[in-house]
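Residue-level structure breakdown
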Amino acid sequence: MTLTRGVRLGVDVGSVRVGVAVCDPDGILASPVATVPRDQNAADDAVPGDMAEVSRLATEYEAVTIVVGLPVALNGREGPAAISVRAYAERLERVISPVPVVLADERMSTVVATRRLSERGVRGRRQRAVVDQAAAVEILQGWLDAQRRRN
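The sections below set out a description of the structure shown in this document.

Cut-offs and rules
Residues numbered from 1 in each chain as written. Predicted model: local features only at pLDDT ≥ 70, side-chain atom pairs only at ≥ 80, totals over all residues. Heavy atoms only, no water. Helix = DSSP H or I, 4+ residues; strand = E, 2+ residues; numbered from the N terminus. Buried < 20%, exposed > 50% of the residue type's maximum accessible area, 1.4 Å probe, protein only. Contact = heavy atoms within 4.5 Å. Areas by Shrake-Rupley, 256 points an atom, 1.4 Å probe, with all protein chains shown as cover. Pairing = 2+ DSSP bridges.

A look at the overall build of the protein chain
On a plain count of helices and strands, the protein chain comes out with four helices and five strands. Helices and strands appear in the protein chain in the N-to-C order β-β-β-α-β-α-β-α-α. Counting across all 151 residues of the protein chain, residues that qualify as buried make up 42%. Taking as baseline every contact in the protein chain between residues at least 6 positions apart, the subset at least 24 positions apart corresponds to 63%. Here the protein chain displays about 8300 Å² of accessible surface, and carbon together with sulfur accounts for 52% of that area.

Here you go:
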């Protein structure tokens, strides 16, 4: 089975910000797109602002799949953060239906993103502004590479 052609969005869900990345239609390279403030105060029957923005980006880029990073512990277990992200992904999928949402193991994505930014001289406030996008790139690129290895 080959990876079908189409743009995918990668999403790094944090408690304060949501990072978003996009890949080319051939699924080769992930690139940063946006950092969106997390909207934790939306009513249960309302669409949170961050999900509305992810949905808008999915429409703008004509995304065929949304890849959300699942924060799995190094030992493979899922803790409170993973439970929260699973709930986020389920709600996001209802918002952007019929575009499917898939979860991808994001172990160490923020650590790797932070290290890569530091190596490039991006630190402090500038780093905080883009680390979520960089983590979303790591999540999406890892997922794309894994899909290619399966084929």
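Now that the structure is up, let's keep going.
Things to note about the pairing of strand 2 (residues 17–23)
Burial runs high along strand 2: six of the seven residues are buried. Pairing of strand 1 (residues 8–13) with strand 2 involves five bridges; the strand directions are antiparallel. By the bridge assignment for strand 2, Val13 is matched with Val18. Connecting the antiparallel pair strand 1 and strand 2 is a turn made up of three residues.

Thoughts on unusual backbone geometry
The omega torsion of the bond from Ser97 to Pro98 falls at 15 degrees, within 30 degrees of zero and hence cis. Position of Pro98 relative to the elements: it lies in the loop between helix 2 (80–96) and strand 5 (101–105). Phi at Glu62 is positive, roughly 55 degrees, even though this residue is not glycine. Relative to the helices and strands, Glu62 resides in the loop between helix 1 (49–60) and strand 4 (65–70). The exposure class assigned to Glu62 is exposed, which follows from its relative accessible area of 63%.

A word on the environment of Ala104
Here Ala104 is to be found in strand 5. Sequence separation between Ala104 and Val11 is 93 residues; the distance between their C-alpha atoms is 9.8 Å. Setting aside anything within four residues of it in sequence, one finds Ala104 in contact with Val67, Val68, Gly69, Leu70, Ile139 and Trp143.

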